[in-house]
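# Fold and contact review
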Amino acid sequence: MKQIADFKLVEKQDFGRSVLLQLRSEMALPDIQPGQFVQVRVAGSPATYLRRPISIHDVDAKQNEITLLVQQVGEGTRHLASANKGDTINMVLPLGNGFSLPGKGEKVLLVGGGIGIAPLYYFAKVLNGKGIRPTLLLGGKSQSDLLRLEDYQRLGETFVTTEDGSLGEKGFVTMHSVWQKQSFDKIYVCGPKPMMKAVAKLAAEKDVCCEVSLENLMACGLGACLCCVEDTVDGHVCVCKEGPVFNTRRLKW
Amino acid sequence: MKQIADFKLVEKQDFGRSVLLQLRSEMALPDIQPGQFVQVRVAGSPATYLRRPISIHDVDAKQNEITLLVQQVGEGTRHLASANKGDTINMVLPLGNGFSLPGKGEKVLLVGGGIGIAPLYYFAKVLNGKGIRPTLLLGGKSQSDLLRLEDYQRLGETFVTTEDGSLGEKGFVTMHSVWQKQSFDKIYVCGPKPMMKAVAKLAAEKDVCCEVSLENLMACGLGACLCCVEDTVDGHVCVCKEGPVFNTRRLKW
Amino acid sequence: MTIDLGRGLVLRNPVMTASGTFGYGEEYTDFVDLAQLGGIIVKGTTLNPREGNPYPRMAETASGMLNCVGLQNKGVQYFIDTIYPRIKDFNTNVLLNLSGSCLDDYVKGAEMVDALDKIPAIELNVSCPNVKQGGMAFGVTTTGISQVVSEVRKVYHKHLMVKLSPNVTNIAEIALAAEAAGADSVSLINTLMGMAIDAEKRRPKLSVITGGLSGACVKPVALRMVWQVAKAVKIPVVGLGGISNATDAVEFMLAGASAIEIGTANFIDPAVSVKVAEGMKAYCERYGFQEITELIGALEC
Amino acid sequence: MTIDLGRGLVLRNPVMTASGTFGYGEEYTDFVDLAQLGGIIVKGTTLNPREGNPYPRMAETASGMLNCVGLQNKGVQYFIDTIYPRIKDFNTNVLLNLSGSCLDDYVKGAEMVDALDKIPAIELNVSCPNVKQGGMAFGVTTTGISQVVSEVRKVYHKHLMVKLSPNVTNIAEIALAAEAAGADSVSLINTLMGMAIDAEKRRPKLSVITGGLSGACVKPVALRMVWQVAKAVKIPVVGLGGISNATDAVEFMLAGASAIEIGTANFIDPAVSVKVAEGMKAYCERYGFQEITELIGALEC
Ligand SMILES: Cc1cc2nc3c(=O)[nH]c(=O)nc-3n(C[C@H](O)[C@H](O)[C@H](O)COP(=O)(O)OP(=O)(O)OC[C@H]3O[C@@H](n4cnc5c(N)ncnc54)[C@H](O)[C@@H]3O)c2cc1C
Ligand SMILES: Cc1cc2nc3c(=O)[nH]c(=O)nc-3n(C[C@H](O)[C@H](O)[C@H](O)COP(=O)(O)OP(=O)(O)OC[C@H]3O[C@@H](n4cnc5c(N)ncnc54)[C@H](O)[C@@H]3O)c2cc1C
Ligand SMILES: Cc1cc2nc3c(=O)[nH]c(=O)nc-3n(C[C@H](O)[C@H](O)[C@H](O)COP(=O)(O)O)c2cc1C
Ligand SMILES: Cc1cc2nc3c(=O)[nH]c(=O)nc-3n(C[C@H](O)[C@H](O)[C@H](O)COP(=O)(O)O)c2cc1C
Ligand code: FES
Ligand code: FES
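Note on numbering: residues in each chain are counted from 1, in written sequence order. Written order decides the labels, with chains lettered from A and ligands numbered from 1. A pLDDT threshold of at least 70 governs which residues receive local features in this predicted model, and a stricter bar of 80 or more applies before side-chain atom pairs are shown or counted, although totals over entire chains, interfaces and linings include all residues. Values shown for side chains rest on all heavy atoms present in the structure; no hydrogens or waters enter the calculation.

### Quick look at the domain arrangement of chain A
Residue and element names in this part refer to chain A. Along its sequence, chain A is carved into domain 1 (3-95), domain 2 (99-212) and domain 3 (214-253). Domain 2 and domain 3 are separated by 22 Å when their C-alpha centres are compared. Residues are treated as being in contact if the distance between any of their heavy atoms lies within 4.5 Å. Tallying the contact residues gives 10 residues for domain 2 and 11 residues for domain 3. Accessible area that two parts lose when put together, with a 1.4 Å probe and added across both, is what the buried area reports. When the two sides are added together, the surface that domain 2 and domain 3 hide from each other amounts to roughly 900 Å², 65% of it contributed by carbon and sulfur. How far each domain reaches was decided by an automatic or database domain assignment.

### A short note on the sheet that holds strand E13 (residues 209-213) of chain A
Residues and elements named next belong to chain A. Strands sit in the order E11-E10-E9-E8-E12-E13-E16 across an open sheet of seven strands; the sheet is mixed. Bordering the open sheet on either side are strand E11 (169-170) and strand E16 (245-247), each of which pairs with just one other strand. One requirement defines pairing of two strands: DSSP has to find at least two bridges between them. By the criteria applied, helices consist of DSSP H or I runs no shorter than four residues and strands consist of E runs no shorter than two, each listed in order from the N terminus. In this sheet, strand E12 (residues 186-190) lies alongside strand E8 (residues 108-113) in parallel orientation, the contact comprising five bridges. The partner of glycine 112 across the bridge, within E12, is cysteine 190. For helices, the fitted line uses only the C-alpha atoms of the stretch in contact; every axis is such a line through C-alpha atoms, and the angle between N-to-C directions lies from 0 to 180 degrees. Seen against the sheet, helix H5 (residues 193-205) touches E8, E12 and E13 and runs at an angle of roughly 170° to E12.

### Looking at the interface of chain C and chain D
The interface of chain C with chain D comprises 43 residues on the first partner and 43 residues on the second. A combined buried area of about 3800 Å² lies between chain C and chain D, and 63% of that area is made up of carbon and sulfur atoms. A per-residue breakdown of the area chain C buries against chain D is headed by Met195, Ile197 and Arg202 of chain C, which together make up 19% of the total. By convention in these notes, a salt bridge is any Lys or Arg side-chain nitrogen within 4 Å of a carboxyl oxygen on Asp or Glu. Where chain C meets chain D, there are two salt bridges. Glutamate 200 of chain C is the partner of arginine 286 of chain D in a salt bridge, and the nearest nitrogen-oxygen pair spans 3.0 Å.

### With respect to the site of ligand 3
The environment of ligand 3 is formed by 21 residues, the closest being Ser19, Lys163, Gly215, Gly242 and Thr264 of chain C. More than one chain reaches ligand 3: the nearby residues come from chains A and C. Here an oxygen atom of ligand 3 sits 2.7 Å away from a polar atom, N or O, in the main chain of glycine 242 of chain C. In this classification, the charged set is Asp, Glu, Lys and Arg, the nonpolar set is Ala, Val, Leu, Ile, Met, Phe, Trp, Tyr, Cys and Pro, and all remaining amino acids, among them Gly, are polar. Residue classes in the shell around ligand 3 are distributed as five nonpolar, 15 polar and one charged. Proximity is defined per residue: any heavy atom of the residue falling within 4 Å of a molecule or strand makes that residue near it. We call two N or O atoms a polar contact when they sit within 3.5 Å, provided that within protein one can donate a hydrogen and the other can accept it, with sequence-adjacent residues counted only if both atoms are side-chain atoms.

### Looking at the environment of serine 214 of chain C
All names here are of chain C. On the secondary structure map, serine 214 appears in strand E14 (residues 210-214). Put simply, serine 214 and glycine 239 are 25 residues apart on the chain and 13 Å apart in space, counted from C-alpha to C-alpha. Not counting the four nearest positions on each side in its chain, serine 214 is found in contact with Ser63, Gly64, Met65, Thr191 and Thr264. Within the local environment of serine 214, its side chain forms a polar contact with the side chain of threonine 264, the two groups lying 2.7 Å apart.

This is how it looks when you write it as structure tokens:
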């Protein structure tokens with residue numbers, strides 16, 4: 001069941017262009033699947049009329065806490081990033097469908113690019129809870145894009161690429177040597193569209209099942225307005241309701 | 001010369017429904033006459049598209065400081081009242097024409113109602129500087145409306161009325177006994193329109209020169225848009241430019 | 001709080017949700033008790049299925065948004081077979097918003113909907129600005145609107161609400177034509193035609209360049225048009241356009257609306273519709289109005 | 001940054017200030033170096049003096065405002081005698097916005113302004129929605145606009161810019177009529193007709209009930225209309241409506257405007273006009289445009 005709830009900002013960590021917002025609700029949290037997202041109301045930001053969709057980065061069900069990892073790209077996210085501890089932030093959650101869980105013993109690769117690493121953290125944690133240690137492949141423009149790297153490393157073997165070579169292998173995630181050295185049963189990707197398309201192509205070549213998390217522009221986030229559609233083999237479908245996670249076989253990429 | 005300047009909120013005093021905002025500029029302040037006002041930009045308040053006109057309550061030219069006394073009536077003033085020390089507030093100033101100075105040895109009465117007491121503080125201070133100790137007559141609904149009473153008392157003999165009788169004489173300012181006991185050469189009024197009209201009538205009966213400070217709705221504050229007009233013997237004139245202070249003889253009241 | 005809009009359409013309160021912004025109601029049941037609403041108006045439906053316009057379909061604007069969904073829907077028959085059974089027992093009025101690209105589509109669609117017991121009214125969308133010949137041609141001339149309304153009237157026997165386009169010189173004239181042709185009520189406004197550009201990419205933000213503007217930014221225009229139309233026609237007027245809270249809703253009633261719809265505001269607060277209904281009731285109590293109908297056209301000019 | 005709008009009207013950059021929002025320029029000289037602007041368009045002026053509408057004349061709305069000033073001004077003769085001498089030597093183009101309530105007023109007014117050396121152009125306001133017969137009748141029909149433009153054209157020999165009303169079904173048609181009747185350029189949009197109500201007092205917020213909507217909220221509608229008109233006519237188009245920063249201004253140029261005007265934004269930031277001019281220049285440098293004219297209609301659809 002979805003809810004509209006006020007959260008209090010209890011902790012905030014500043015990573016420069018991005019921030020980590022730890023938010024606590026008075027209400028019990030609903031069940032949350034990795035890959036689902038929230039719609040955040042950005043109060044006091046005149047240019048931000050609609051809510052902003054943000055992936056759920058982490059969940060602490062016992063504390064009724066949700067963590068978001070937000071990159072500042074425009075006025076809405078800039079305003080969110082300037083929230084102070086104690087501020088109230090209203091969210092609608094949980095929205096969309098999460099990643100499908102891998103089968104027992106399957107070898108899993110999570111690929112994240114830029115701020116797209118956000119939903120993979122909670123996903124990796126849930127996988128750990130199910131006894132699956134995923135491999136992570138995280139890419140960024142440079143070292144400073146790779147946030148919470150040590151935390152990710154704790155959840156699975158983690159490889160890194162940066163475009164400027166400041167950390168890990170130089171280049172894009174699709175160029176990393178791990179693709180030569182290991183093989184996977186399932187690949188999950190979140191990041192910029194060109195990067196997701198490149199990984200999807202690689203996965204298709206290797207005939208590996210691949211899920212991507214899309215970030216289409218949204219208005220309602222509830223499947224009501226039909227603004228966020230992606231072209232699929234079933235026609236235009238709502239990313240907010242049938243996604244944001246899609247098996248790439250379904251997409252007309 | 002008018003300027004657009006960023007001010008820093010250096011001190012804030014909370015009076016419940018009203019707040020006192022002490023604001024400091026990096027720039028040297030222009031010359032400011034008592035009765036002039038500023039146009040404040042209320043950032044981060046989506047419902048507040050236009051600036052808000054606020055009287056200049058006090059000036060400290062040495063510190064480049066201006067003080068505003070703001071009553072919360074809608075979203076703009078509410079937002080202003082919630083500003084924190086250190087926040088930046090942008091203002092256009094000084095606007096309009098102030099009160100005309102009384103002649104040497106004239107007996108002066110300043111009448112303020114509700115938040116209309118705001119501009120009278122700086123006016124009384126300037127009068128003191130010129131060796132004139134005004135009489136003040138301040139009215140409110142109840143005791144809690146009479147802000148900074150002790151500070152006003154320091155600037156001149158101060159009489160008070162409240163509608164509920166919680167302080168001073170019970171009733172409206174026009175009913176105060178001072179009208180019977182003393183006579184004045186000049187009366188200056190700022191407050192709700194019905195109150196200003198009542199005082200203006202009284203002054204006319206006594207054949208005393210009376211100036212009122214109007215609070216018409218404004219857009220530009222510069223005499224450019226012609227939105228803030230008052231009906232006068234010279235036709236529609238801009239309150240922001242030819243006022244806000246008017247000699248009542250000029251008004252079609 | 002009851003409002004009788006005529007020909008069997010009775011609302012338990014004046015608040016409905018606007019077509020295209022509330023899905024089929026199902027999307028909002030976690031947030032809204034539909035029994036607290038006067039009615040819901042489902043997605044714009046056309047005789048034949050439509051894929052709608054390509055992505056991107058929306059752009060945010062100052063206090064509003066543009067959309068160019070383009071009437072994506074699976075057609076009237078799919079609605080009847082698949083959706084109607086799911087929603088027909090909602091404890092509120094379920095209205096169908098019917099659109100078309102030619103006269104025949106409107107008539108055939110209306111005929112099919114006439115047979116549905118639990119749909120008390122059609123909202124005839126002659127004003128969608130997003131579709132080539134998407135009814136826009138009908139909605140902007142008096143002859144166009146006369147034609148489509150009178151033809152639909154012949155086959156549709158329940159409450160016929162006609163939704164007007166604001167993209168016209170004289171909205172009262174259009175409303176009068178709809179009334180004369182047999183409309184039981186008019187609703188307005190649909191979206192204002194607008195456009196958004198990405199200055200960095202030097203491209204339109206919407207796939208089909210222009211789209212429909214909605215949200216708080218359009219309220220002053222909507223209010224003015226409701227006022228003009230309510231003065232002109234005798235049938236009830238349903239007001240919408242930027243309503244975000246109970247005060248907005250009351251303003252539309254004062255301007256002459258008998259009921260109101262809430263659109264884009266549902267995206268910002270999914271529970272806003274019930275809050276507006278409650279707030280309107282509180283307003284009446286505060287000012288001593290016994291009946292909500294006392295608000296209709298109560299503006300003192 | 002130079003823009004040649006034809007018939008002697010050359011702007012040093014595309015930024016002008018909109019009529020009714022910048023006084024006679026004098027009100028802004030503390031904030032703006034007028035020499036940094038392409039031009040200023042002074043208050044709406046009519047042949048005979050007008051007191052305008054009663055107070056209250058404005059109401060704030062979501063991302064915008066309504067006004068019903070109603071063309072308060074002291075008439076063309078007073079302008080010539082008293083104001084013109086004060087502002088004629090401003091180091092920028094000073095345009096006069098001319099309005100009227102009948103054909104004769106327009107023609108007589110234009111004739112008088114034609115004699116003023118330092119006024120290179122008239123902006124003909126056929127679209128003010130605030131005055132009974134205040135030009136609204138001319139601005140919303142092709143015959144009305146043809147008539148007033150062709151009559152004024154006969155007596156006015158300098159640049160004739162015609163300002164269009166957005167309160168029409170087909171703006172391109174109106175613009176074409178203005179062009180055919182001899183306009184040298186068209187500017188758009190004037191204000192959208194709107195209304196605001198005080199729900200607590202149950203009264204209109206404006207003295208004359210309706211007024212003109214302006215500010216950021218109208219930008220999507222203005223942009224769409226500029227795009228439609230620019231595609232339709234051959235004369236230059238001057239775009240305005242909600243422009244608040246350089247990005248907005250660039251968007252209007254991309255949509256087809258040859259120059260832009262800034263209105264309500266002057267109230268929010270009295271120095272905005274020069275900032276927009278600077279920002280447009282920076283945009284051109286950033287993207288390697290040699291001439292500002294390269295932006296005109298450069299939208300890739
Ligand atoms: C399901 C989903 C999950 C998301 N998860 C996260 C997350 O965990 N962390 C995070 O930082 N961001 C996430 N995003 C993206 C985030 O929603 C946008 O960055 C945000 O809405 C931008 O708002 P703004 O007001 O700051 O920028 P705006 O001023 O609205 O836009 C600034 C620029 O960003 C572009 N932009 C805006 N929204 C999107 C979008 N959805 N996709 C791509 N480009 C966009 C605009 O076109 C514009 O160029 C997610 C988006 C979706 C749909
Ligand atoms: C020259 C001048 C000097 C002023 N000095 C002060 C001052 O020193 N301290 C102070 O607290 N206020 C002062 N005001 C009034 C102040 O400008 C308004 O209270 C403020 O603009 C309201 O903004 P808001 O967003 O809070 O309310 P809104 O949401 O805009 O309005 C709330 C309610 O207040 C009414 N209102 C808004 N503005 C005015 C106004 N100008 N006059 C009367 N009613 C209004 C509205 O009609 C509405 O009913 C002054 C006004 C003027 C013109
Ligand atoms: C995403 C979206 C889709 C819409 N789809 C339809 C539609 O299918 N049929 C229709 O008549 N109106 C449609 N509308 C218009 C709304 O019903 C309403 O008339 C308009 O948005 C103005 O109201 P608002 O400002 O409250 O949103 C749509 C509006 C939006 C925002
Ligand atoms: C207070 C005010 C007064 C105006 N007066 C005039 C006028 O006299 N003549 C005119 O053609 N337009 C007038 N306008 C319209 C503006 O010039 C402009 O067309 C409109 O405001 C849209 O632009 P904006 O959104 O940038 O303000 C006025 C607008 C405002 C807000
Ligand atoms: S955002 Fe409205 S349907 Fe997806
Ligand atoms: S507020 Fe614009 S003229 Fe006074």
